[in-house]
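Okay, here's what each chain looks like letter by letter:
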Amino acid sequence: MAQKIRASIIGASGYTGGDLMRILLMHEGVELKCLTSERFAGVPVTKLNPNLRGFTQATFVSVTEIKPQENDVVFLCVPHEKAQDYVADYMKNYPHLKIIDLSADFRIHDQKTYEHYYCAHRHPQLLKEAVYGLPEIHREQIRSARLVACPGCLPTSTILPLYPIVKAGLIDLSHIVIDSKIGSAAAGASFDISTHHPERQGVVRAYKPSGHRHIAEMEQELSEAAGTQVKVSFSPHGVEMVRGIFTTVHAFLNRPVKDVDMWKLYRGAYGNSPFVRIIKDKETLYRYPEPKMVAGTNFADIGWEIDEHANRIVLMGAIDNLIKGSGGQATQCMNLMFGLDEKTGLWQPGLHPY
Ligand SMILES: NC(=O)c1ccc[n+]([C@@H]2O[C@H](COP(=O)([O-])OP(=O)(O)OC[C@H]3O[C@@H](n4cnc5c(N)ncnc54)[C@H](OP(=O)(O)O)[C@@H]3O)[C@@H](O)[C@H]2O)c1
């Protein structure tokens, strides 16, 4: 590989930033420049990420140490609202620089919708410039994008199984019910009483069973697929996992479909998408997608079951929220933006047993 891509991570002390750092350290085409943290500036990154012992001697630096002119890409792994000004500054003052934002700040094209679910947007003119970073749906736009807004982890596990069937007009668009189970790392590295071990261990806890923020991007992408406004009913639950998401979608069929139709549909949609695996096995224990089978990988496993009795189709999606749901997906986008094979630095199976 010729010249390496010079990359910095803002918010490298968090969970998404830490895992992105792990992926990029092993990426043959990347030179890591600055890994930022205000709280841990001057501290070796292995103090917070002991899994990286022997792989890096870098220390965290303040964000003021980043020299944008000496970078080709900057990743933002910061809370929503906090990415807005960095992105605006880089977009205006450093035209050569590509930006990959893992927060929600540029995912939603419509300012009113963003502000309904999140907060005021200080740079709404940039919302239309950002490309939603789901390579399986927007691969060509990502290749030529300057600003990519990586999807949320729950929407990734939801949009991938739903998009083809919505696009094909096979389901009732007014009754799409989505139930997700998610691990504790989704809450990030900062903690409060809800993530305190005695309170979190062993839970099955509803989190925002209505009005969850991620509805905004699910509806945006699915409406685009349908060519009309789609509404979803979404309820996530915290469960006993650190990493991982398992999503079940209940949708109702407009006309009878057979397994053979679904195979054709998904193979057509994702035949050229190396990280989407269709899981439907009649014989083994592993009949459907499972978070354990994608843990530590960039795969999104999707599957379905037709319920003729209730005229229902059950769709399933499993991802590792810290990889396909954040740092892996961001790396996949970077590969596309810099003309690399999208699998570079990401092509590996998970562990079994795990
Ligand atoms: N966790 C997930 O599964 C997941 C998945 C997809 C997307 N996301 C999104 O990714 C972003 C990061 O999530 P996370 O889970 O990694 O959070 P986290 O563990 O709480 O980390 C947040 C990071 O942001 C930094 N930070 C906070 N305010 C900052 C500011 N004003 N300027 C620069 N850095 C700042 C913190 O650095 P300091 O050390 O300086 O405080 C820390 O490194 C969020 O927007 C989240 O919604 C998370």
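Parameters at a glance
- Residues numbered from 1 in each chain as written.
- Predicted model: local features only at pLDDT ≥ 70, side-chain atom pairs only at ≥ 80, totals over all residues.
- Buried ≥ 20, exposed ≤ 12 C-beta atoms within 10 Å, placed from the backbone.
- Helix = DSSP H or I, 4+ residues; strand = E, 2+ residues; numbered from the N terminus.
- Pairing = 2+ DSSP bridges.
- Near = placed C-beta within 6 Å.
- Nonpolar A, V, L, I, M, F, W, Y, C, P; charged D, E, K, R; others polar.
- Domains from an automatic or database assignment.
- Core = buried A, V, L, I, M, F, W, Y, C linked by C-beta atoms within 7 Å.
- Contact = placed C-beta atoms within 7 Å.
- Axes fitted to C-alpha atoms, helices over the stretch in contact; angles between N-to-C directions.
- Parallel < 35°, antiparallel > 145°, perpendicular 65-115°, else oblique.
- Left-handed = near helix turned anticlockwise from the far one by under 90°.

### Describing the pairing of strand β9 (residues 233-238)
By the alternation rule, side chains of β9 split into Phe-234, Pro-236 and Gly-238, which are all buried, and Ser-233, Ser-235 and His-237, of which none is buried. Note: strand β8 (residues 205-206) against β9, 2 bridges, orientation antiparallel. Counterpart to Arg-205 in the pairing with β9 is Gly-238.

### Describing the site of the ligand
Inspection of the region around the ligand gives 31 residues, with Gly-11, Gly-14, Ser-103, Gly-188 and Ala-189 positioned closest. Residue assignment for the shell around the ligand shows that the elements contributing at least two residues are α1 (15-25) and α11 (323-337). The element best represented in the shell around the ligand is α1, accounting for 3 residues. Across the shell around the ligand, the residue classes tally to 14 nonpolar, 14 polar and 3 charged. Shared between two domains, the shell around the ligand holds at least three residues of each, these being domain 1 (5-151 + 324-337) and domain 2 (154-321).

### Side note on the nonpolar core
Formed by 93 residues in total, the largest nonpolar core has its most connected members in Leu-35, Phe-75, Leu-76, Cys-77, Ile-100, Val-148 and Cys-333. Three or more residues apiece are contributed to this core by two domains, here domain 1 (5-151 + 324-337) and domain 2 (154-321). Leave out the neighbours within four places in its chain, and Leu-76 touches Ile-10, Gly-11, Ala-83, Tyr-86, Val-87, Asp-101, Leu-102 and Ser-103.

### Observations regarding the domain arrangement of the protein
Much of the literature gives interface size as the accessible area that the parts lose upon coming together. Domain boundaries assigned for the protein yield domain 1 (5-151 + 324-337) and domain 2 (154-321). On a C-alpha basis, the centroid separation for the pair domain 1 and domain 2 is 25 Å. Facing the 21 residues of domain 1 at the interface are 24 residues of domain 2. Counting only elements with at least two residues in the side of domain 1 that touches domain 2, the list comes to α4 (111-117), α5 (135-143) and α11. Sort the elements by how many residues they give to the side of domain 1 that touches domain 2 and α11 lands first, with 6 residues. Its residues placed into classes, the side of domain 1 that touches domain 2 shows 9 nonpolar, 9 polar and 3 charged.

### Here's the deal with α1
Taking burial as the measure, the 11 residues of α1 include 9 buried ones, the bulk of the element. Three or more residues of α1 are buried, namely Tyr-15, Thr-16, Gly-17, Gly-18, Asp-19, Leu-20, Met-21, Ile-23 and Leu-24. Buried residues along α1 sit against β1 (5-10), β2 (30-36), α2 (45-48), β3 (73-76) and α11.

### Considering the packing of helix α6 (residues 153-167) against helix α8 (residues 215-226)
Where α6 contacts α8, the two axes come as close as 9 Å, and the packing angle between them is 20 degrees. Between α6 and α8, the crossing angle belongs to the class labelled roughly parallel. Handedness of the crossing formed by α6 with α8: right-handed. Across the interface between the two elements, Pro-155, Thr-158, Ile-159, Leu-162, Tyr-163, Val-166 and Lys-167 from α6 touch Glu-217, Met-218, Glu-221, Leu-222, Ala-225 and Ala-226 from α8. Classifying every residue of the contact of α6 with α8 gives 9 nonpolar, 1 polar and 3 charged.

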